[in-house]
Amino acid sequence: MAKRALITGVTGQDGSYLAELLLDQGYEVVGMVRRSSTVNFERIAHIQDRLTLVAGDLLDEVSLIAVLRDHPPSEVYNLAAQSFVQTSWSQPVLTGETTALGVTRLLDAIRTVDPEIRYYQASSSEMFGKVLEVPQRETTPFYPRSPYGVAKVYGHWITVNYRESYGLHASSGMLFNHESPRRGLEFVTRKVTHGAARIALGLDDELRLGNLDAQRDWGYAADYVRAMWLMLQQDTPDDYVVATGETHSVRELCQLAFDAVGLDWEKHVVVDERFLRPAEVDLLVGDPTKARQTLGWCREVDFPGLVTTMVEADTAMIRGQLR
Ligand code: NAP
Ligand code: F7E
């Protein structure tokens with residue numbers, strides 16, 4: 001019998017790549033989607049006929065219990081969240097309800113319906129925030145700098161707590177930033193690659209950004225979903241940092257993206273205060289040693305390769321829209 005996995009957040013960047021990976025592994029994949037007035041299945045349109053899509057919302061525990069009862073999974077990947085850091089200042093309560101308490105609702109639904117289900121929690125490098133150690137590893141203390149980061153710390157610790165309280169096979173992946181052509185347009189990598197492509201095609205002249213000095217450990221999303229799956233294949237649940245071990249600034253990101261279209265980024269990028277944050281995470285760089293040694297995980301795509309691929313994908317997409 002095929003294993004069945006439930007993915008929350010299947011319509012998101014990571015959900016779409018994880019669904020592809022699990023389908024390739026022979027899983028039956030159930031994707032939880034929340035009700036909206038328009039369909040937003042762009043990222044899963046190419047695999048939609050191979051997925052079972054079910055209605056549910058992290059804000060509503062009744063819906064979570066129903067999904068688990070109606071489609072009993074052996075693995076649950078909780079990728080759903082209000083995931084945009086900037087929005088977490090304007091919607092702090094919603095962010096807490098979804099990204100923090102949503103985790104408790106789902107863990108408790110699992111405990112109620114079938115405590116044998118294996119659980120993956122999408123934790124984040126944003127938990128390290130104003131970093132207390134460089135590079136950041138599993139033992140680095142947390143110092144979140146946004147309502148999103150605070151919510152993720154809660155989600156992380158409630159996952160650890162349900163593992164220790166009820167013996168759940170619950171693991172937490174502390175994933176550093178990971179990107180792809182499917183990244184939302186509001187995140188800085190995609191904003192830059194999409195912006196550079198539009199400028200190169202003569203559709204815009206400038207790109208307005210916030211803090212160009214911020215440094216991130218950026219990897220490729222398809223590499224990172226492999227680590228999620230590997231965590232749930234271990235006999236013992238645990239927590240892992242997933243990162244490349246390299247850091248780059250937003251400035252370097254701009255240079256690479258504009259180089260890819262033969263333009264000088266400094267002639268087009270404008271700093272706009274609207275994109276500065278009330279509190280910033282200045283530097284993130286992870287140490288993926290434990291993931292490499294225990295899971296056998298390593299990244300396949302490097303930063304220049306990632307940026308170039310994203311610029312090419314955006315250029316092709318925009319050209320297609322113009323036709
Ligand atoms: P994303 O593209 O923003 O996707 C988020 C998903 O969550 C979407 O499918 C969204 O559904 C769903 N969602 C939001 N609120 C929900 C609710 N109340 N109930 C059910 N579903 C809800 O995020 P991502 O980049 O794929 O990230 C996946 C997870 O990893 C998130 O938890 C994120 O916080 C975490 N994370 C991401 C990174 C990264 O660099 N990408 C790094 C560390 C951790 P709609 O499509 O309906 O909006
Ligand atoms: O910002 C700076 C910004 O929004 C990266 C989420 O997936 O990764 C992501 O969170 C950096 C920040 O990602 C702009 O100030 C400059 O320092 O792409 P971002 P994020 O905040 O790091 C973590 C790991 C997650 O868990 C989150 O879910 O870039 N920056 N100018 C800008 N950022 C944006 N968005 N827009 C700008 O114009």
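Below or above, wherever it landed, is the structure these notes cover. (Residues numbered from 1 in each chain as written. Chains lettered and ligands numbered in written order. Predicted model: local features only at pLDDT ≥ 70, side-chain atom pairs only at ≥ 80, totals over all residues. Heavy atoms only, no water.)

### Here's the deal with the pattern of salt bridges
To be explicit about the condition: Salt bridge criterion: a side-chain nitrogen from Lys or Arg within 4 Å of a carboxyl oxygen from Asp or Glu. Note on conventions: DSSP H or I runs of at least 4 residues are helices, E runs of at least 2 residues are strands, and numbering of each starts at the N terminus. Per-residue accessibility, obtained with a 1.4 Å probe over protein chains only, is compared with the maximum for each type, and a residue is labelled buried under 20%, exposed over 50%, and partly exposed between these values.
As enumerated under the stated definition, the model contains 21 salt bridges in all. Here Arg 299 ties to Glu 246 by a salt bridge, and the two come within 2.9 Å at their closest N and O atoms. Of the two residues, Arg 299 is situated in the loop between helix 9 (289-295) and helix 10 (303-322) and Glu 246 in the loop between strand 11 (239-242) and strand 12 (248-249); the sequence distance between them amounts to 53 residues. For Arg 299, a relative accessible area of 25% translates into the label partly exposed. Accessibility expressed as a relative area gives 29% for Glu 246, which makes it partly exposed. Each of Glu 206, Arg 208, Asp 272 and Arg 274 takes part in one network of salt bridges that share partners.

### Observations regarding the site of ligand 1
Put simply, the test is: Think of it this way: one heavy atom of a residue within 4 Å of a molecule or strand is enough to make that residue near it. Here a polar contact means two N or O atoms within 3.5 Å. Within protein one must be a hydrogen donor candidate and the other an acceptor candidate, and residues neighboring in sequence count only if both atoms are side-chain atoms.
Residues in close proximity to ligand 1 total 26 residues, the closest being Thr 11, Arg 34, Asp 57, Ser 83 and Tyr 148. The side chain of Asn 40 places a nitrogen or oxygen atom 2.8 Å from an oxygen atom of ligand 1. Backbone polar atom of Ala 81 to an oxygen atom of ligand 1: 3.2 Å apart, as the coordinates give it. Elements with a contribution of two residues or more to the shell around ligand 1: helix 1 (13-24), strand 5 (118-124) and helix 5 (147-166).

### Comments concerning the packing of aromatic side chains
Quick note on the threshold: Only the six-membered ring of Trp is used, alongside the rings of Phe and Tyr, when aromatic pairs are assigned; centres must lie within 6.5 Å, and planes under 30 degrees apart are stacked while those over 60 apart are edge-to-face, with the rest tilted. Criterion for a charge above a ring: Arg CZ or Lys NZ at most 6 Å from the ring centre, at most 35 degrees from the ring normal.
Taken as a whole, this structure holds nine aromatic pairs when the rule is applied. Consider the rings of Tyr 162 and Tyr 166, whose centres lie 4.9 Å apart with planes at 65°: the pair is edge-to-face. Linking Tyr 162 with Tyr 166, this pair stays in helix 5, spanning four residues, or about one helical turn. Given a relative accessible area of 8%, Tyr 162 falls into the buried group. Taking the relative accessible area as the measure of exposure, Tyr 166 reaches 41% and is therefore partly exposed. What links up through ring pairs into an aromatic cluster is the set Phe 128, Phe 142, Trp 157 and Phe 176. Between Arg 182 and the ring centre of Tyr 17, over which it is positioned, the NZ or CZ distance is 3.9 Å.

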